[in-house]
Amino acid sequence: YVNVVKCIKWWRKEKYPNVKHPKSYPLEHFIGDCCPDGIESVAEGITLTLEKIVSTYPQKPFLADRGVPEHDVFARLSDEDYEAFYDAACEAAVIARKAYDAETTQESVKFWRQLLGNKFPEPPEKKDTIFTERTKESSDIPRGRFA
């Protein structure tokens, strides 16, 4: 969960630096409400969280503060800022789904880099063969302890 929060905050900061809000705790709180339990990877968490934002919150929600439920965590967030964030989340959800469902590592990395920026690692070099062809017999393996 923590890494999902870090990645989505990175995405917002990297791709939309001029969007003033949501950021910091309000964004973390929102991600916490949208990220499902039981995720098995950061990629799955990012994808499902963005898709939940898109499918469930087309309008700015009231996010009750955990300590003081009558306070709205999104109170400082204007409707215009939320709309800009929501539009960005819609685009990001599509890219994240493509990255998550990609058939190859190269294709997946291409989409993650599109979503998260060029600091996301390059894909590993694609190799033409999966194994090294055997050209001679292995030499005898010496007996004894190895460690």
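1. Considering the environment of H71
Turning to step 1, where the next piece is worked out: Among the secondary structure elements, H71 is positioned in the loop between α3 (42-56) and α4 (79-101).
Turning to step 2, where the next piece is worked out: For H71, a relative accessible area of 46% translates into the label partly exposed.
Turning to step 3, where the next piece is worked out: Those residues within four positions of H71 in sequence are excluded, and the remaining contacts are F62, L63, A64 and D65.

2. Details of the packing of aromatic side chains
Turning to step 1, where the next piece is worked out: According to the stated counting rule, one finds eight aromatic pairs in the structure shown.
Turning to step 2, where the next piece is worked out: A ring pair is formed by F30 and F85, whose centres lie 6.3 Å apart and whose planes are at 55 degrees; its orientation type is tilted. Taken as a pair, F30 in helix α2 (residues 24-34) and F85 in helix α4 lie far apart in primary sequence, 55 residues in all. You'll find F30 and F85 in the same group, each marked buried.
Turning to step 3, where the next piece is worked out: Taking 6.2 Å as the distance between ring centres and 50 degrees as the angle between the ring planes, the aromatic pair formed by Y82 and F85 counts as tilted. Pair noted here: Y82 and F85 are both in helix α4, with a separation of three residues, about one helical turn.

3. Here we look at the environment of E28
Turning to step 1, where the next piece is worked out: Within the fold, E28 resides in helix α2.
Turning to step 2, where the next piece is worked out: Sequence-wise, E28 and V4 are 24 residues apart; in three dimensions their C-alpha atoms are separated by 9.7 Å.
Turning to step 3, where the next piece is worked out: Among all residues touching E28, those that are not within four sequence positions of it are Y1, V5 and K9.
Turning to step 4, where the next piece is worked out: Among the polar contacts listed, one links the side chain of E28 to the side chain of K9, at a separation of 2.6 Å.

4. Remarks on a negative patch on the surface
Turning to step 1, where the next piece is worked out: Residues D79, E80, E83, D87 and E91 make up a contiguous surface patch of negative charge.
Turning to step 2, where the next piece is worked out: Mapped onto the secondary structure, E80 falls in helix α4.
Turning to step 3, where the next piece is worked out: On the basis of relative accessibility, which here comes to 59%, the residue E80 falls in the exposed class.

5. Things to note about the nonpolar core
Turning to step 1, where the next piece is worked out: The biggest cluster of nonpolar side chains holds 31 residues, and the ones touching the most others in it are W11, F30, I46, L50, Y82 and L115.
Turning to step 2, where the next piece is worked out: If you list the elements that add at least two residues to this core, you get α1 (2-15), α2, α3, α4 and α5 (105-116).
Turning to step 3, where the next piece is worked out: In terms of residues, this core owes the most to one element, α4, which gives ten residues.
Turning to step 4, where the next piece is worked out: Apart from the residues within four sequence positions on either side, F30 is in contact with I53, Y57, P61, L63, F74, Y82 and F85.

Reading the values: the criteria
Residues numbered from 1 in each chain as written. Predicted model: local features only at pLDDT ≥ 70, side-chain atom pairs only at ≥ 80, totals over all residues. Heavy atoms only, no water. Helix = DSSP H or I, 4+ residues; strand = E, 2+ residues; numbered from the N terminus. Buried < 20%, exposed > 50% of the residue type's maximum accessible area, 1.4 Å probe, protein only. Contact = heavy atoms within 4.5 Å. Phe/Tyr/Trp six-rings, centres within 6.5 Å; stacked < 30°, edge-to-face > 60°. Polar contact = N/O pair within 3.5 Å; in protein donor to acceptor, adjacent residues only side chain to side chain. Patch = residues over 30% accessible without salt bridge, like charges linked within 9 Å, V, L, I, M, F, W, Y side chains within 5 Å. Areas by Shrake-Rupley, 256 points an atom, 1.4 Å probe, with all protein chains shown as cover. Salt bridge = Lys/Arg side-chain N within 4 Å of Asp/Glu carboxyl O. Lys, Arg positive; Asp, Glu negative; His and termini not counted. Charge placed at Lys NZ, Arg CZ, Asp CG, Glu CD. Core = buried A, V, L, I, M, F, W, Y, C linked by side-chain atoms within 4.5 Å.

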